[in-house]
Each structure stands twice: as structure tokens, then as C-alpha cells.
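The residues making up each chain are set out below.
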Amino acid sequence: MLYKLSLKNITKSFKDYAIYFFTLILGVAIFYVFNAIDSQTALINVSKSTHELITLMTNMLSGVSVFVSFVLGFLVIYASRFLMKRRNKEFGVYMTLGMGKWQISRILFLETLIIGIISLIVGLLIGIVLSQGMSILVANMFEADMTRFEFTFSKTSMIKTIIYFGIMYLLVMIFNTFSVGKCKLIDLLESSKKSEKIKMKNPYLCIFVFLIACAFLGYAYYTVAFKPDKMLQDEFMTMIIIGCVSTFFIIWSLSGLILKIVMSMKSIYYKGLNSFTLRQISSKINTTVFSMTIICLMLFLTIVILSSSLSIKNSMTANLKELSPVDITVYKSLNIKGNDRMGKPYTKEQIDDSHIGVKESLNKMNFNTDQLLKNVVDVNVYDADTLKLKDTFSNIIEKVKIEFPNLDWESKEEIIKLSDYNKLAKLYNLDTYSLNDDEYMIIADFEGMKDLRDKVLKNNQNITILGKTYKPKFEECKPGYLYPSSNHINTGVFIVPDGAVTDEMKTLNILSGNYKDENKENVEKIVIGLEDNSYIKNTLLNFSTKISIYEASVGLGAIVTFIGLYLGIIFLMSSAAILALKELSESSDNKERYDMLRKIGTDEKMINRALFRQIAIFFMFPLLLAIIHSIFGIIFCNYILQTFGNQSLLISIIMTTVFLIVIYGGYYLITYFCSKNIIKENR
Amino acid sequence: MENILKIDKLEKYYGNKSNLTKAINNISFNVTKGEFVAIMGASGSGKTTLLNCISTIDKVTAGHILVENEDITMLKGNKLNAFRREKLGFVFQDFNLLDTLTAFENIALALSIQKVNPKEIEKRVSEISKKLNISNILNKYPYQISGGQKQRVACARAIVTNPKLVLADEPTGALDSKSAKMLLESFEYLNDDLKATILMVTHDAFTASYASRVIFIKDGKVFNEIYRGDDNRKAFFDKIIDVVTLLGGDLEDVI
């Protein structure tokens, strides 16, 4: 009997449940797809290092899944609480008929069970279909070839999905049972009669709160977007908290204020159904300030995560072409003593070995540079006791020390001879330079450090090496680097005339060149094979090959993109679903109001337009605030990620917009059509 | 006198062939301009169905309803809405005020959907509310005012658009006797001073006694019809009670 009742309830209130159902199915499908990636990638033909990256990615994704399941769990509980509220009267009727609370709980339990099972099955089916396409996407991201296409099914992912969602549904059941237990019959029966109290907030208080919240938010924006270099770690947290709190208060005050403002503009307020529409929105936002804040913040996160992750991926690929001009670069520290950077003492073998250069070391491992490589350039990097970081900033050091207390002022600067650098630059296709005997220059491409050094150069900072003083040739750093990498990470190298340094000051030997063999993979294999050579343990050789940089970079880009997509889609979906549920669950109540509007003769067109506008404003309100947040959020992210470059920000913002329009806009349209259906005249 | 409403052989059936209910079974009558007509009948006699047909909320099975010589049974879609908007004013038993709007805004809404300009709206709303004695509650929400006040706000909304015909469905049904009396006096005022034509459905003899004519309906047919003429309200009330007794005394709630 109870089972029949539950089943009937579900079919009856399908209109209300539709979007909840839809969201659950989507959630299950996405959860499955992102957890099934590892079985999808088994078919793709990738190198060993890429495969390791994929494993890293699947591990990260499954970590993110835990977080995602929290978000979805919150959504499911919120949604079910919502749907429960709408059915208070129904439960009241059951109870007057003599049904116990325990029985009502059982009805709810059965309903959740039925919905849960159906959504899991349908969601998994959709997920399995979608994940077939995922393998193509993964192959594309890692720039690998698909060897063959085969239908795959991930058992682990399925079990994981079932367990995670099972726990969620179980929590909902427990939650429902509790809330039914707390109900009082009188409240249940009267709940629909209780007319909503409309509290007009004090407009002056609203203006006051609004201005203060704006001021705080402006301060947080300013600090985060324009002074990020001066921000300390814990200050960042403070800014986030300020941002969240002021978002809450801005929504709180605006919901009261907008109505007041429009009300004073009589020609707009008393036009058509405007007064009705505005009141609807305002009462809705008034009662959901808190969830509006959460939605706004989630949208903000979505926009920032999506656009940053996409831009990282895009700019990484772009940087590669510019920053990896040669097939291989090997470098090795020379004349080492004491401890390495991590504070671990060097072994005796390493110290002994550090007196020979890269070329000799390679020869010891039977890697003949003359046979295997062409266009070889072999240069040295020097340092001097008189050229530490603090020396190069001596003009303005007091000021900089306050701004950047964390810089290691005792570290020695890298120096390179002019002729050596020009040799490298020629190979890398960079500009070459010439210097007078008493001049020096700096090359750097890491933005933050470059800006700082530019200031010093403008100040005519002189440097001293071996008792001789040099003055800067240019007023700014020139672009350039010594060894290839996937990003702009050169914090500054000093180029000095050839006679300025002596052999004793050598600290690093760099050897760059291209592979002779037409088939680069052949040489690459030999290079990778060197890793297993017994000699390698006691030397400080560092290899960086074009292919390995490329793979690492593509892999990293793909990981960031996947995690960004995963989180972005889930956040976007959750926030849109909450809005849609709120709107739809009230549409049935609003039906009476719309019926009344019809009775006094409102055009169907007018009603539809009013409904469309009302839902549009309801959806746009948190989005607009989120977009404003995101502008500053993206500026900040750009600062953090500036090593990745930002050439492709526009593309990633366009991609993000497409995602927003498809998912958020899709939910908006579904909501509109569903509510239109609910308020339709039933004749 | 000019006919505002002409009902011609109206029929309304519910159900299907095997189980047919004749809610309205061949009713005809006229309402002339400036009249205050009450329709009386027991529950299930078909009076609310009749009102729903006139207000175009429900569709007729056969027959015609003419408002100012326009056959409204032929209207469709937005023309129906336009007809309701421009020609009719409604007062419902349960007020049907929008709980999210203030009294002022509720009255103004009837005008703003007719695209009256905002200055004019303000003028007309304050005019009508003075006449109905609700000026002091215009800025309150429906939940803040009494039932009688709510119904007078609903009256103001119905009349503010200067409709040809005001339809009232059990307007006193949810009011206590004092509020009911005040409301009915407002109706009298609307009818006498503002020359509004009112068609009211009720099952309450006291309420009906305020009208200038009472039409009795039983089982979907016109049973009787009495005019007030020059009688005072008390005498008319007695006459109504007589007919009610004749009807079978199945009218409860007789005062």
C-alpha cells in the first residue's frame, strides 16, 4: 500500500521532480565519466612518461571526486528539503487520517529509494555512453593517437559511483526521517495558509549596509587584483572572507533596495505587470539571501576555474614553441661544495665529478655528442661573491626588503659571458647583443622579477665583479633564457663582457644542441636510456629534451583542464539546479496568482513575458555579481599563473562563456518552460 | 433601458453521455444598465456555473451570452482576456488579492494591465479608495488588513476600470455580519452613485435583499424572479424569505 502511494506520488509530482531528477542523472553521469577516465586511457598509445601523468591525473580526479560528492550531497539534501516543504499539506492529510510519522517516513524512504535507483541506473547508462567520447577527448588532450576504438566499461568507476551516491541517498533518507519526526500536525496543515509576511527592509539601513559592503568588496578587489605582490599568505584568506561576507550583505541590501528604487520610478513600476514581477522576485531573493550567496560564489569559482584552467592549457601549448627551440639541453653544476639547495650535503663522488663538464660526463656514459648531436653549443655560467641578490638591488634595497621580505638576499646571481650568450641566442633564435667594456645587461622573462629588476636598472645600478665596476647598458631587462623550459621562469641572468669573469668562477656548464638523426625518437630513446646508467647517480647532470618538456607540459595542461572541467560543470550544474528548484517549487504556489491575473483579464502574452523576465532576473542576479567577482578573480589568477603567459585569455573566456550559456542557460530555459507548463490554464 | 447583459437559452452540461449533469438547463434573462441583480440558489443549483460562464472562465455547451450585443461565447484566446480586462470587474468570495502586493498596487494592477499611464493610475486609485473608505490602508499588505477591508479593496479593483458589468461571487461568503453589511453598503453606493451594473451570486437572503432584483435558480433553471420596486429593504427581505420557503426550504443560512 505504502509502496503504491510512493509510486503514485512520484508520477503525480513529476513536474516538480523533473529538474531534480534531471540534475541527479546528470550528476551520476558526470561522476561516472570522470572516474572512468583511467580505463578509457588504457587504449591510447602514449609514452611511459605520459602514462605516468595520466595515472597522476586519475588519482587527482578521484581526490576531487570526494569534494564533488560533498557538493552534490549538499545539493541533494537541499533539494529534498525543498520538495518536502512543498508537501507539508499532503503529510498533514496523511496524519489526520491516522498515519503515523514512522509510516510517513517509510513513504519518503521508498520515494527516495525509487528515485535513487532510477537516477543511478539512467545516469550510469548515460555516463557509459558519454565516457566513450571521453577517450577521444583524452587522446586529443594528450596529443596521442587513438590506436583503436573499443567500447569500454569501467567496473571500478561504476562501483564507486554507486557507493558515493548510495551514501548520499542514505543521508537524505536519514535527514527526511528526522525532519518528519520534528513536524507538528498543525504546522503541516496550516503551512499553505500562512501568508507570506512581506518585510520591507529599512531603505536607509539598506543603503548604509550596501555602501559599506561595496567599500569592503572594493578594498578586497583592489588588494587582490592590483596589489597581489604585496599580499601575505594569511592576508589572502582575509580577502576571501571579506569577499564572501560582503557578497552576502550586498545581496541582502540589494534585494530590498532594488524594489524601493524601482517603486519610486512610477512610470516603470506601474507599467503592465512590472509591479507584480518585481514583488515576486524581491520576495524570492529576500527569502534566499543565503543560498543566493552560495550560488553566486559557486558561479564565481566556476568562471575562474574554467577560464584559468583553459588558459593554462592554451598558453602552455603556445609557450612550448617559443621556449623549446632545441632538441636537448644538458646542464651540470660545477665546482660544488657544501650542501645542495635542499640542505643535503653533496656526496664525495658528486663533488669530485663536478670538476668535469657536461660533454665529458656524457662521453663517460658512451653518449658521443659529436656523433649524435649537431649545432652543439657549450657554454658556462659564472657567479661572483660580490654579486649577490642584495648587491644588485643595493640602490633601493630598503624599500624592496619591506615589500618582499621572503627573497633570499644572499643567493648569488647567475653571470654569463657576452660571447657565450650570443652563441646560445643564435641557436635559440633570440636577439644577440654587444656590450662596451664597462657595461652589463640582464635578461629575464619572469614577469614579477623582471619588473623589479627594471626599476633597479632605471636607477643606474652599478655592479662590481673582481673589483671592476660595470654600469647597465639598457634601462630594462631584455627577454631571453639559458635553458629551455615549458614556461617563462628566468628570473634574471647578468651578461657581462668576456673579460669580466675567470674560469674559477664557473658554476654551471650548459650544453645545447639538436639531434642529428632525422628520427628524433631514436636519439630520445638513447637519452632516456641514460637514466639507467650507473654513472648517473654520482653526477649532477640535468637533462631537458624538447620531447619530454612537451609531454610534461601537455600532460600538465590536460590535468588542469580536466579538473577544471569537472569542478566547473559540477558547480555550474549545482547552482543552476538550486535556482531552478526554488523557482519551480514555487510555480505551483504561484499558479493561483497567475490564475487571478488571468481572471482580471491579463493577456497570456503579458503573463508569459512577466514569467520569462522574472526567471531571467532571478537567474541573472547572482550571475552578474559573480561575473564582477570573476573579473578581479581572473586578474589575480593571471598574476599567480603569469609564468604560463596569458596570450590566450580571450579564447578561454569565450570557452567559459559557452559553457555558462549551455549549462546555465539550459537550466534557465528548462525552468521557464516547466513553470510555464505549471501555470498554464487547465481547461 | 439599454441591455448590458442578455442571456439566451444558456445550457451547460458536465460529464459524458452515460452520466450527464445539467448544471444549467436553458436559462434566459436580461440585465439592464444600472441594475443590481442577485442570483440566489442552493448549493449545486448552478449559480456559480452561471457566473463562470458569464465571466468567460468556463465555456458554455449551448446558447449565447451577449454583453453590449457582443456574443462572448464566440470569443477566443486573447480576445477573451481583453474582454475580461475591459468590460468586466470581479469580486470573489476569497478576495483573490495578490498577497505580495500592497492594497494600492492590487488596485493599480487592474489599470496597469490596461496600459493606463502611471499618473492617471494614481489619481484613479486614490479617487476610488476615498469613495470606498479604504484610503488609510492603501499601503498595507493583504495579510495586514481585515476580511471586510480586503473585500472592499477587491471591490475597488473591480470598479476602478469602469467596467460595464461587475460580477460578484458570494462576496459576503467569507465575512462576518458587520463586515458583510459594510461591504453591501459599498455595493449600494457603487450601484446608486457610480451607476455600476452589478450581478451578484449568493445563497444568503440578507445579502440578496440589497439588490434591486433577485433571480432564483433551482436545478439549473430559473425558478422565480422578484423585483424590489419601491419596497424598503426589510420588506424585500421578507419577500425573498417567502420565495426561499417556497423553493423547498433547503436554503440553510437564512437569517
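One can find the structure itself at the top, above this paragraph.
Student: Could you give me a rundown of the packing of helix H3 (residues 103–112) of chain B against helix H4 (residues 118–131) of chain B, with the residues and numbers involved?
Tutor: Residues and elements named next belong to chain B. Between H3 and H4, the shortest axis-to-axis distance is 10 Å and the interhelical angle comes to 125 degrees. One way to sum up the angle between H3 and H4 is to call them oblique. Handedness of the crossing formed by H3 with H4: right-handed. Every residue of H4 that contacts H3 at Phe104, Ile107, Ala108, Leu111 and Ser112 is listed here: Ile121, Arg124, Val125, Ile128 and Ser129.

Student: An account of the pairing of strand E7 (residues 165–169) of chain B is needed here, citing residue identities and associated values.
Tutor: All names here are of chain B. Of all five residues making up E7, five are buried, and the element is well covered by its neighbours. Of the two faces of E7, the one carrying Leu165, Leu167 and Asp169 and the one carrying Val166 and Ala168 are both buried. Summarising the sheet, strand E6 (residues 88–91) and E7 pair through four bridges and their orientation is parallel. Across the sheet, Val91 pairs through a bridge with Ala168, a residue of E7. Bridge count between E7 and strand E8 (residues 198–202): four bridges; the pairing is parallel. When the bridges of E8 are listed, Val166 appears paired with Ile198. Following the chain from E7 across helix H6 (residues 177–192) to the adjacent parallel E8, one finds a crossover that is right-handed.

Student: Before we move on, could you go through unusual backbone geometry and cite the residues and values that matter?
Tutor: Residues and elements named next belong to chain B. Of note in this structure, Asn26 is not a glycine but carries a positive phi near 60 degrees. In this structure, Asn26 sits in strand E2 (residues 19–32). Phi at Glu170 takes a positive value of approximately 45 degrees, unusual for a residue other than glycine.

Student: How would you sum up the environment of Thr464 of chain A? Please name residues and give values.
Tutor: Residues and elements named next belong to chain A. Tracing the chain through its elements places Thr464 in strand E7 (residues 463–465). The exposure class of Thr464 is partly exposed, given the 13 C-beta atoms found within 10 Å. Those residues within four positions of Thr464 in sequence are excluded, and the remaining contacts are Thr386 and Thr469.

Student: Could you give an account of the sheet that holds strand E1 (residues 3–16) of chain B, with specific residues and numbers?
Tutor: Strand pairs in the sheet, formed through backbone hydrogen bonds, run parallel or antiparallel to each other. Residues and elements named next belong to chain B. Across the sheet, which stays open at both edges, the four strands sit in the order E2-E1-E4-E5 with antiparallel pairing between neighbours. At either end of the open sheet lies a strand with only one pairing partner, and these are E2 and strand E5 (70–71). As paired strands, E1 and strand E4 (residues 62–67) are joined by five bridges and run antiparallel to one another. Among the inter-strand pairings, Ile7 is bridged to a residue of E4, identified as Ile65. Most of the contacts of helix H1 (residues 47–54) go to E2, to which it runs at about 65 degrees, and overall it touches E1, E2 and E4.

Student: Requested: an account of helix H5 (residues 147–159) of chain B, with residues and values cited.
Tutor: Under the 1.5 Å per step criterion, the end-to-end length of H5 of chain B is 18 Å for 13 residues, consistent within 8% with the ideal 18 Å. Listed in full, the buried residues belonging to H5 of chain B are Gly148, Gln149, Lys150, Gln151, Arg152, Val153, Ala154, Cys155, Ala156, Arg157, Ala158 and Ile159 of chain B.

Thresholds applied
- Residues numbered from 1 in each chain as written.
- Chains lettered and ligands numbered in written order.
- Predicted model: local features only at pLDDT ≥ 70, side-chain atom pairs only at ≥ 80, totals over all residues.
- Axes fitted to C-alpha atoms, helices over the stretch in contact; angles between N-to-C directions.
- Helix = DSSP H or I, 4+ residues; strand = E, 2+ residues; numbered from the N terminus.
- Parallel < 35°, antiparallel > 145°, perpendicular 65-115°, else oblique.
- Left-handed = near helix turned anticlockwise from the far one by under 90°.
- Contact = placed C-beta atoms within 7 Å.
- Buried ≥ 20, exposed ≤ 12 C-beta atoms within 10 Å, placed from the backbone.
- Pairing = 2+ DSSP bridges.
- Right-handed = clockwise from strand over helix to strand, strands pointing away.
- Expected span 1.5 Å × (residues − 1).

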